[in-house]
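Residue strings, one per chain:
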Amino acid sequence: MTIFVFQRGETISLALDAVTGDPLSVTAISAAMKAVAPGRTSVSAAAPVAAAFNITPRTASGDVPPGWTLTVGAAQSALLPAGHYLADARMEVGGGVIITESIGITLRESVTA
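**Student:** Which residues make up a nonpolar patch on the surface, and what values do they have?
**Tutor:** Taken together, the side chains of Met1, Ile3 and Val5 make up a nonpolar region of the molecular surface, amounting to roughly 320 Å² of accessible area. By the element assignment, Met1 lies in the segment before strand 1 (3–7). Residue classification places Met1 among the exposed residues on the basis of a relative accessible area of 65%.

Here you go:
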């Protein structure tokens, strides 16, 4: 699993690439992150969402495939406690649902916050 490291109070920005198929066939998309409890490696389905991502479509550019940019703003990131999180995205495509593999996010305390 890929782990991304960010500081509290900075923008969390991730790329979700459409590696196969037509991204225009996605009829709905959402993404969220949940805190991982100390000593655990996964999250409970009942765990509250720590932050929902804002999602912006992205067109192909050079070697970068089309897809989406997932963002949690700096103000919202500042409200999250330092720690470990898991995030994934849910897409509705052609009447079905695809959920991406989870990625890890480590949110560290910023010295300059």
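From this point on, the discussion continues.
**Student:** Requested: an account of the pairing of strand 3 (residues 26–35), with residues and values cited.
**Tutor:** Relative to strand 7 (residues 83–93), strand 3 runs antiparallel, the two sharing 9 bridges. Its bridge partner being in strand 7, Ala31 is matched across the sheet by Ala89. In this structure, strand 3 lies alongside strand 4 (residues 51–52), joined through 2 bridges in antiparallel fashion. Bridge pairing in strand 4 links Ala32 to Ala52.

**Student:** Which residues make up the sheet that holds strand 2 (residues 12–17), and what values do they have?
**Tutor:** The pairing of strands in a sheet comes from backbone hydrogen bonds and takes either a parallel or an antiparallel form. Strand order in the open sheet formed by 3 strands is 2-6-5, with antiparallel pairing between adjacent strands. Two strands bound the open sheet, and with one partner strand each, they are strand 2 and strand 5 (54–58). Neighbouring strand axes in the sheet, compared pairwise and without regard to direction, differ in orientation by 20° on average. Of the pairings in the sheet, the one linking strand 5 to strand 6 (residues 67–72) comprises 5 bridges and is antiparallel in character.

**Student:** I'd like a rundown of the nonpolar core, residues and numbers included.
**Tutor:** Side chains of nonpolar character tend, in soluble globular proteins, to be buried together. Within the largest apolar cluster, 21 residues are counted, with the highest numbers of intra-cluster contacts made by Ile12, Leu14, Met33, Phe53, Trp68, Leu70 and Ile105. Of all the secondary structure elements, the ones that give two or more residues to this core are strand 2, strand 3, strand 6, strand 7 and strand 9 (103–108).

Calculation notes
Residues numbered from 1 in each chain as written. Predicted model: local features only at pLDDT ≥ 70, side-chain atom pairs only at ≥ 80, totals over all residues. Heavy atoms only, no water. Patch = residues over 30% accessible without salt bridge, like charges linked within 9 Å, V, L, I, M, F, W, Y side chains within 5 Å. Areas by Shrake-Rupley, 256 points an atom, 1.4 Å probe, with all protein chains shown as cover. Salt bridge = Lys/Arg side-chain N within 4 Å of Asp/Glu carboxyl O. Helix = DSSP H or I, 4+ residues; strand = E, 2+ residues; numbered from the N terminus. Buried < 20%, exposed > 50% of the residue type's maximum accessible area, 1.4 Å probe, protein only. Pairing = 2+ DSSP bridges. Axes fitted to C-alpha atoms, helices over the stretch in contact; angles between N-to-C directions. Core = buried A, V, L, I, M, F, W, Y, C linked by side-chain atoms within 4.5 Å.

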